[in-house]
Amino acid sequence: MKNLDTKYVSLPKGTWGKCKKCGHVTYLKHLDRQLGICAKCQHPHPLSPKQWFEAFFDEAKYSLISVPRVKEDPLNFSAKKNYKIQLEQAREKTGESDASLCAFGLINGLKTVVFAMDFNFIGGSMGREVGEAFLAGVEKAVQEKSAFLAIPVSGGARMQESTLSLMQLPRSILGVQKLREAKLPYIVYLTNPTFGGVPASFAMVGDLHIAEPNALIGFAGPKVIEQNIRQKLPKGFQTAEYLVEHGMVDMIIPRDELKEKLGVVLSILMKKEQV
Ligand SMILES: [Zn+2]
């Protein structure tokens, strides 16, 4: 799996990887079969959008929803790295054009649009193309009268696109509003990690918020908050379990149980039988 650090393993790159949390060395094909969950400590490693689609759509069949391309690097941004070069490197690493993909297919026989983000693409940051992908998914869901499932994983807004990136917050909220007006269910599956502008917008306004176990979800990171409020944060702060206890998340479902449980939820919300 691409998102595991393999540099400490003296075997061909791309065959073995180490768990980011506990250091457990694992055969990457095993990790793929476990949907990115470490067998030793259960740490959830980010999956790519296509891995999510293959795991959830019936018989791993789906069609990708085309996303309007945006003008690249409109601000000609350069900080430590040149943004254009960053984009090129991220595209080479992931094989995708930006940090999200949207697909349409059946989940347990029920029509669903799935919007999934990619942490390997500049930390799953939300720029204009991510906003376009979300809205393209909304249009498709409205047209097909289908449910919409969002699977965020993100470090936040893409600072290289400045205000244009921040504009995706209200744009995505307008997309959710369109789903509401069409009376279509909007479900969010919060994965590890989801931070910044994404939980400040579409990721926290679902009809149902499901999170994966051990996921870290929040706006600012714990160090920044501690420095600001000058207090020690409670144990388990910003974990999925803590957020369920405090009413921000409705339930926790592990990745390998999500397809089955989603089928039940979608059939109730769409008033249709599962197949
Ligand atoms: Zn581990």
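Everything discussed here concerns the structure shown above.
Note that the structure is predicted; figures quoted are calculated from it, not measured.

K.L.:
Looking at this structure, how should I read the packing of aromatic side chains?
P.N.:
Each aromatic ring pair is described using two quantities: the centre-to-centre distance and the angle formed by the ring planes. This model, assessed by the stated rule, comprises 13 aromatic pairs. Pairwise contacts between aromatic rings join Phe-115, Phe-134, Phe-148, Tyr-186 and Phe-202 into one cluster. Lying over the aromatic face of Phe-104, Lys-140 brings its terminal NZ or CZ to 4.9 Å of the ring centre.

K.L.:
I keep staring at the side chain of Glu-212 and nothing clicks. Help me out?
P.N.:
Along the polypeptide, Glu-212 turns up in the loop between strand 9 (208–211) and strand 10 (217–218). A distance of 2.5 Å separates a polar atom in the side chain of Glu-212 from a polar atom in the side chain of Arg-255. Dropping the residues within four chain positions of it, Glu-212 is found in contact with Pro-44, Tyr-189, Leu-190, Thr-191, Asn-192, Ala-240, Ile-252, Ile-253 and Arg-255.

K.L.:
Even after reading the chapter, I still don't get helix 6 (residues 168–181), so can you show me in this structure?
P.N.:
Structural remark: α-helix, 3.6 residues per turn; residues separated by three or four positions point the same way. Given a rise of 1.5 Å per residue, 14 residues ought to cover 20 Å, and the 20 Å separating the end C-alpha atoms of helix 6 matches this to within 8%. Of all the positions in helix 6, only Gln-168, Leu-169, Ser-172, Gly-175, Val-176 and Leu-179 are classed as buried. An end-on view of helix 6 places all buried positions within 120 degrees of arc, on one side of the element. Of the exposed residues in helix 6, the ones pointing more than 90 degrees away from its buried face are Leu-174 and Glu-181. Residues of helix 6 that are buried sit in contact with helix 4 (128–144), strand 6 (147–151), helix 5 (162–166) and strand 7 (186–190). Note on helix 6: the residue one or two positions beyond its end, Lys-183, has a positive phi of about 55 degrees.

K.L.:
I tried to follow the pairing of strand 4 (residues 100–107) on my own but got confused; where do I start?
P.N.:
Walk down a regular strand and you will see the side chains alternate between the two sheet faces. Within strand 4, 7 of the 8 residues are buried, which leaves the element mostly enclosed by the surrounding structure. Examined bridge by bridge, strand 4 and strand 5 (residues 110–117) share 8 bridges and lie antiparallel to one another. Bridge pairing in strand 5 links Gly-105 to Thr-112. Two successive antiparallel strands, strand 4 and strand 5, enclose a turn made up of 2 residues, where Asn-108 displays a positive phi of approximately 50 degrees.

K.L.:
I keep staring at the sheet that holds strand 3 (residues 62–64) and nothing clicks. Help me out?
P.N.:
Within a sheet, neighbouring strands are paired by backbone hydrogen bonds and run either parallel or antiparallel to one another. Strand order across the open sheet formed by 7 strands is 3-4-5-6-7-9-11, with mixed pairing between neighbours. Looking at which strands have only one partner, the edges of the open sheet turn out to be strand 3 and strand 11 (251–252). Packed on one face of the sheet, helix 2 (residues 49–56) meets strand 3, strand 4, strand 5, strand 6 and strand 7 and runs near 5 degrees to strand 4.

K.L.:
Could you clarify how one ought to interpret the environment of Phe-77 in this entry?
P.N.:
The residue Phe-77 is located in the loop between strand 3 and helix 3 (83–94) in this model. On the basis of relative accessibility, which here comes to 23%, the residue Phe-77 falls in the partly exposed class. Residues Phe-77 and Val-264, spaced 187 residues apart in sequence, show a C-alpha to C-alpha distance of 46 Å. Once residues lying within four places of it in the same chain are set aside, the contact partners of Phe-77 are Asn-82, Tyr-83, Met-159 and Gln-160.

K.L.:
What am I meant to see in the coordination of the zinc ion here?
P.N.:
Four donors placed tetrahedrally around a metal ideally meet at 109.5 degrees, and six donors placed octahedrally ideally meet at 90 or 180 degrees. Only Cys-19 (SG), Cys-22 (SG), Cys-38 (SG) and Cys-41 (SG) from the protein reach the zinc ion as donors, at distances of 2.2 to 2.4 Å. Of note is the zinc ion, whose 4 donor atoms meet at the metal with angles of 108 to 114 degrees in an arrangement that counts as tetrahedral. Read in sequence order, the donor residues coordinating the zinc ion give the pattern C-x2-C-x15-C-x2-C. Judged by its relative accessible area of 5%, Cys-19 falls in the buried class. Accessibility expressed as a relative area gives 32% for Cys-22, which makes it partly exposed.

K.L.:
Which parts of the structure should I look at to understand the nonpolar core?
P.N.:
The nonpolar side chains of a soluble globular protein tend to be buried, and buried together. Phe-115, Phe-134, Phe-148, Tyr-186 and Phe-202 are the most contacted members of the largest nonpolar core, which has 39 residues in total. Residue assignment for this core shows that the elements contributing at least two residues are helix 3, strand 4, strand 5, helix 4, strand 6, helix 6, strand 7 and helix 8 (240–245). Ranked by residues supplied to this core, first place goes to helix 4 with 6 residues. Dropping the residues within four chain positions of it, Phe-134 is found in contact with Phe-115, Phe-148, Ala-150, Ser-172, Val-176, Tyr-186 and Phe-202. Formed by 25 residues, the second largest nonpolar core is a distinct cluster that contains Phe-53, Phe-56, Ile-107 and Ile-253.

K.L.:
Is there a simple way to think about unusual backbone geometry in this case?
P.N.:
Most peptide bonds are trans, and most residues other than glycine sit at a negative phi. In this structure, the amide linkage connecting Asn-192 to the following residue, Pro-193, adopts the cis form with an omega of -15 degrees. Mapping Pro-193 onto the fold places it in the loop between strand 7 and strand 8 (194–195). In this structure, Asn-108 is a non-glycine residue whose phi angle is positive, near 50 degrees. Secondary-structure assignment places Asn-108 in the loop between strand 4 and strand 5. Although it is not a glycine, Lys-145 adopts a positive phi angle of roughly 50 degrees. Structurally, Lys-145 can be placed in the loop between helix 4 and strand 6.

Conventions used here
- Residues numbered from 1 in each chain as written.
- Predicted model: local features only at pLDDT ≥ 70, side-chain atom pairs only at ≥ 80, totals over all residues.
- Heavy atoms only, no water.
- Phe/Tyr/Trp six-rings, centres within 6.5 Å; stacked < 30°, edge-to-face > 60°.
- Lys NZ or Arg CZ within 6 Å of the ring centre and 35° of its normal.
- Helix = DSSP H or I, 4+ residues; strand = E, 2+ residues; numbered from the N terminus.
- Polar contact = N/O pair within 3.5 Å; in protein donor to acceptor, adjacent residues only side chain to side chain.
- Contact = heavy atoms within 4.5 Å.
- Expected span 1.5 Å × (residues − 1).
- Buried < 20%, exposed > 50% of the residue type's maximum accessible area, 1.4 Å probe, protein only.
- Arc of directions from axis to C-beta.
- Pairing = 2+ DSSP bridges.
- Axes fitted to C-alpha atoms, helices over the stretch in contact; angles between N-to-C directions.
- Donors = N, O, S within 2.8 Å, 3.2 Å for Na, K, Ca; no water.
- Tetrahedral: all angles 85-135°; square planar, octahedral: opposite > 155°, others 65-115°.
- Core = buried A, V, L, I, M, F, W, Y, C linked by side-chain atoms within 4.5 Å.

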